[in-house]
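Results of the structural survey
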Amino acid sequence: MILQRPTPHGGTGMADLFTVRDLHLSLPDLNARPLFGAAPRIDILKGLNLTIPAGQVTGIVGESGSGKSTLGRCLIRLLEPTGGQIDFDGTDITHLGPARLAPMRRDLQMIFQDPMSSLNPRHTVGRIVADPLRVNGIDSAEARALEALDRVQLGRDFAGRYPHQLSGGQRQRVGIARAIALNPRFILCDEIVSGLDVSTQAQIMVLLENLVAEMKLTMAFISHDLSVIRRLCDTVVVLRAGEIVEQGPTPQVFDTPAHPYTAELRAAIPLPEIDAGWLHNPA
Amino acid sequence: MSALLDIQGLNIRLGRRGPRLLRDVSLRVQRGEVHGLVGESGAGKSMIGKTIAGLLPPTVRQVSGTITLDGTDLSALGKHKRRRMIGARTAIIPQDPLSALNPCRRVGPQVTDRLVHILGWDRSRAEARALELFNEVSIRAPERVLRAYPHELSGGMRQRVLIAAAFAAEPELIIADEPTTALDVTVQRQILRLIADMQARHGTALLFVTHDMGVVAKICQSVSVLFAGTVVSQTPVEALFAGDGGHPYARALIQATPRYDAPDDSLLPVPPSIIEGLRHDIAAADAAWGNGHG
Ligand SMILES: Nc1ncnc2c1ncn2[C@@H]1O[C@H](COP(=O)(O)OP(=O)(O)O)[C@@H](O)[C@H]1O
Ligand SMILES: Nc1ncnc2c1ncn2[C@@H]1O[C@H](COP(=O)(O)OP(=O)(O)O)[C@@H](O)[C@H]1O
Ligand SMILES: [Mg+2]
Ligand SMILES: [Mg+2]
């Protein structure tokens, strides 16, 4: 069952940066390799339809294994879909090869869950942020990197430090600085606050909100945490087992979930308040 | 009646002269209650559990303090006796069920080992007890799970196995160290429900370690809030969540927790003044303590 609802800007002239139609992704099932012939394939994404409006934050939520990261990686074409179509700003990028993708890479940025594994431990923070600018032939890479460090409120002093000298929250700020320095048209955030302490998570969320507002970023924000999605995202897509069960404007999906799975996810969140019935009342 | 677990003035430091990891920690867990131990990563939550269990890393040293379990001062016991008492009367539910289970051994013997080695049961009695507990934690096909390897089970199922194992020997105290942190919310809710039911049915006391104020509100009766190895408040949960109880830092942690029902009234960063105040107090206390122990 797919419940589609109009997005807040649907049909009002607000352009969609991405249009995704009937997106399929399957992989060979290496656990079930037969003696002869091709391995059977497992369907990971099973025909997704969605749009990502420009200038908005689209939340992608679902339990682990539901296909959130796979969808994200298809959008920025780290994975090639096995069916359907992805249009980015009017261009069909579904099967573009590396040469055609190269000039688009700058516009398709990603921030990772684990900043430590995505930051070169031997490079300074300044170099980590400036390198992608240089690779993309952007003038005054250094100056722009410093500017980005200011924007994420680390400050220029951090340019000389190394990743291991930073806290988890500071590393995540470096990851954000590296992505926004390129001024990309799209940023994919994959569980970027999930590993952080609540106080750090709150700080990073406030920072993201400000950046989204100031820089008019278009983002897909993947999270398994509905409460975090509720705060940041304009629209939300709910995934279950490789299918979209519900999508629409965030307040609407939260306040009146149309699909029981969305309601179940919401009910499972332990709010920080005493509620003797929560443990035992069914969702 | 005295508390089941009574920790008084516990100080732990790294090496001979290294930093203090636990600072004058005192906390009490009453019989049959769930006591939350909440704080951010690095606050020392696991260190408290390890001290009780006698599993401190070799580089870490207990400088002072007493741990009394059911009226017996553990530090007054020899190493061997202490092990036995801890083994017989306490159990641990770990955060990561996969790393807590040996991947090369079947689940069954890993669950029954404790019963055989510590309580001296014979294998078949221990196995019967494990099956009984597997049924109680709603594991379908318990015989099959007993013979399975850990990787053949889902995350939620592995956590059920470890919960069954923890309750099998009817300990008086279970230390649960972030037992649901790695799970999806829907599975977390099932596991919390299971732990609460088992705890109530068996009358077991729980020291429930978590960083999630939502989880504290749902499963704990009392709670200690830890910051940088210091207990900043110890209250019944009602007082903490009533809005005016507990330390300002504890309330700030609640307000930093995201809420889907109040998006703009949650995810509030902890005010820097609160952190500075705590750090200031800790520095002063360390200086005073250092004069006696440096
Ligand atoms: N390289 C891969 N090979 C086989 N299966 C994969 C691979 N990557 C992901 N999967 C499977 O695809 C499903 C979706 O994974 P993923 O997109 O990472 O989910 P999520 O990000 O929502 O947790 C999971 O069942 C996962 O096991
Ligand atoms: N094996 C160890 N050796 C030295 N220091 C440690 C060790 N394990 C943890 N620590 C330090 O002790 C403090 C408390 O750690 P821990 O109890 O694991 O925190 P929590 O469980 O609250 O996240 C931290 O500052 C941590 O860096
Ligand atoms: Mg993922
Ligand atoms: Mg810990």
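Right, let's walk through the structure included here. (Residues numbered from 1 in each chain as written. Chains lettered and ligands numbered in written order. Predicted model: local features only at pLDDT ≥ 70, side-chain atom pairs only at ≥ 80, totals over all residues. Heavy atoms only, no water.)

**Focus: helix 5 (residues 141-151) of chain A**
Residues and elements named next belong to chain A.
- Every buried residue of helix 5 is accounted for by A141, A145, A148 and L149. End-on, the buried residues of helix 5 take up no more than an arc of 100 degrees, which puts them together on one face.
- Close packing links the buried residues of helix 5 with helix 4 (125-135) and helix 6 (168-181). (Buried < 20%, exposed > 50% of the residue type's maximum accessible area, 1.4 Å probe, protein only. Helix = DSSP H or I, 4+ residues; strand = E, 2+ residues; numbered from the N terminus. Arc of directions from axis to C-beta. Contact = heavy atoms within 4.5 Å.)

**Brief notes about the side chain of K218 of chain B**
- Position of K218 of chain B among the secondary structure elements: in helix 9 (residues 213-219).
- Buried charge without a salt bridge: K218 of chain B, with D275 of chain A as the nearest opposite-charge side chain at an N-O distance of 4.4 Å.
- A polar atom in the side chain of K218 of chain B sits 2.8 Å from the backbone oxygen of E273 of chain A.
- Here K218 of chain B is in contact with P270, L271, E273, D275, W278 and L279 of chain A, once residues within four sequence places are set aside. (Lys, Arg positive; Asp, Glu negative; His and termini not counted. Salt bridge = Lys/Arg side-chain N within 4 Å of Asp/Glu carboxyl O. Polar contact = N/O pair within 3.5 Å; in protein donor to acceptor, adjacent residues only side chain to side chain.)

**Notes on the packing of helix 7 (residues 155-168) of chain B against helix 8 (residues 185-202) of chain B**
All names here are of chain B.
- Between helix 7 and helix 8, the least distance of the axes is 11 Å, while the angle of their chain directions is 10 degrees. Classified by the interaxial angle, the pair formed by helix 7 and helix 8 is roughly parallel. Across from G156, Q159, R160, I163 and F167 in helix 7, the residues of helix 8 making contact are V187, Q190, I191, L194, I195, M198, Q199 and H202.
- Tallied by class, residues from the contact of helix 7 with helix 8 come to seven nonpolar, five polar and one charged. (Axes fitted to C-alpha atoms, helices over the stretch in contact; angles between N-to-C directions. Parallel < 35°, antiparallel > 145°, perpendicular 65-115°, else oblique. Nonpolar A, V, L, I, M, F, W, Y, C, P; charged D, E, K, R; others polar.)

**Focus: the interface of chain A and chain B**
- Listed per partner, the contact involves 34 residues of chain A and 35 residues of chain B.
- Taking both sides of the interface into account, the surface hidden between chain A and chain B amounts to around 3,300 Å²; carbon and sulfur atoms contribute 62%.
- Interface area lost by chain A to chain B is led by R231, P272 and L279 of chain A, which between them contribute 21%.
- Inspection of the chain A/chain B interface yields two salt bridges.
- Here chain A and chain B share 15 residue pairs in polar contact (both at pLDDT 80 or more) between them.
- Counting only elements with at least two residues in the side of chain A that touches chain B, the list comes to helix 7 (198-215), helix 8 (226-232) and helix 10 (260-267) of chain A.
- In terms of residues, the side of chain A that touches chain B owes the most to one element, helix 7 of chain A, which gives seven residues.
- Taken together, the residues of the side of chain A that touches chain B sort by class into 18 nonpolar, seven polar and nine charged. (Buried area = accessible area lost by both parts, 1.4 Å probe.)

**Quick word on unusual backbone geometry**
Residue and element names in this part refer to chain B.
- Backbone geometry at D70 places phi at a positive 50 degrees, although glycine is not the residue there.
- In this fold, D70 is placed in the loop between strand 4 (60-69) and strand 5 (72-73).
- Residue A228 is not a glycine yet carries a positive backbone phi of 45 degrees.
- Within the secondary structure, A228 is located in the loop between strand 9 (222-227) and strand 10 (230-236).
- A residue is classified by how much of its surface remains accessible, and A228, at 23% relative accessible area, is partly exposed.

**Focus: the site of ligand 2**
Residues and elements named next belong to chain B.
- Neighbouring ligand 2 are the residues L14, L21, E40, S41, G42, A43, G44, K45, S46, M47, P57 and T59.
- G44 is positioned with one of its backbone polar atoms (N or O) 3.0 Å from an oxygen atom of ligand 2.
- Within the contact set of ligand 2, an oxygen atom lies 2.8 Å away from a side-chain nitrogen or oxygen of S46.
- Here ligand 2 loses 64% of its free accessible area of 560 Å² to cover by the protein chains.
- In the shell around ligand 2, the residues fall into five nonpolar, five polar and two charged. (Near = heavy atom within 4 Å. Areas by Shrake-Rupley, 256 points an atom, 1.4 Å probe, with all protein chains shown as cover.)

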